[in-house]
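Structural overview for review
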Amino acid sequence: MKLFNLFRKDEAGAVTVDWVVLTAAVVGLAIAAYSAIETNTQSLANAAAGAISAEDDLTTP
C-alpha cells in the first residue's frame, strides 16, 4: 500500500505529459499556419502570373 501511495503522489510523469501535449499543440498550429500560408501564396502567384500574361497579351503586336 505504501508503494501505491508513493506512486500516486509522484508528479514527475505529469510534467512530461504536459510538455508532450504542449509540443503537439505547437506542431499542430505550425502545420495549420503553413497550410494557410502555402494556399494563399499559391493563389497570389497564380493571380500575378495571370496579370502578367494578360499584360503581355495586350502589348504583343
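Reading the values: rules and limits
- Just so you know, the residues in each chain are numbered from 1, in the order the chain's sequence is written.
- Local features in this predicted model are restricted to residues whose pLDDT is 70 or higher, and side-chain atom pairs enter the listing and the counts only when it is 80 or higher, whereas totals over whole chains, interfaces and linings include all residues.
- To obtain the side-chain values, all non-hydrogen atoms of the structure were included, while hydrogens and water were left out.
- Counting from the N terminus, the helices are DSSP H or I runs at least four residues long and the strands are E runs at least two residues long.
- Throughout, the radius of gyration refers to the C-alpha atoms, and the reference size of a globule is 2.2 Å times the residue count to the power 0.38.
- Buried means the residue's accessible area, taken with a 1.4 Å probe over protein chains only, is under 20% of the maximum for its type, while exposed means over 50%, and partly exposed covers the values in between.
- Each accessible area is a Shrake-Rupley estimate made with a 1.4 Å probe; only the visible protein chains count as cover when residues are assessed.
- Patch membership requires more than 30% relative accessible area and the absence of a salt bridge. Residues of like charge join within 9 Å; the nonpolar side chains Val, Leu, Ile, Met, Phe, Trp and Tyr join within 5 Å.
- Salt-bridge detection follows one rule: a side-chain nitrogen of Lys or Arg within 4 Å of a carboxyl oxygen of Asp or Glu.

1. Digging into the overall build of the chain
Within the chain, the regular secondary structure consists of 2 helices and 0 strands. For 61 residues, the compact-globule estimate of 2.2 N^0.38 gives 10 Å, and the C-alpha radius of gyration of the chain, at 27 Å, exceeds that figure by more than 25%. Along the first, second and third principal axes, the C-alpha set of the chain runs to 90 × 10 × 5 Å. The proportion of buried residues among the 61 residues of the chain is 0%. Of the accessible surface of the chain, which amounts to about 5600 Å², a share of 70% is contributed by carbon and sulfur atoms.

2. Describing a nonpolar patch on the surface
Taken together, Val15, Trp19 and Leu22 make up a surface patch of nonpolar side chains, about 340 Å² in accessible area. Of note, Leu22 is situated in helix 2 (residues 12-59).

3. Regarding the environment of Ser53
Position of Ser53 relative to the elements: it lies in helix 2. Considered as a pair, Ser53 and Gln42 are 11 residues apart in the sequence and their alpha carbons are 16 Å apart.

4. Considerations on the environment of Gly13
Along the polypeptide, Gly13 turns up in helix 2. Overall, the relative accessible area of 41% leaves Gly13 in the partly exposed class. Sequence-wise, Gly13 and Met1 are 12 residues apart; in three dimensions their C-alpha atoms are separated by 20 Å.

None of the figures reported here should be taken as evidence of function without further support.
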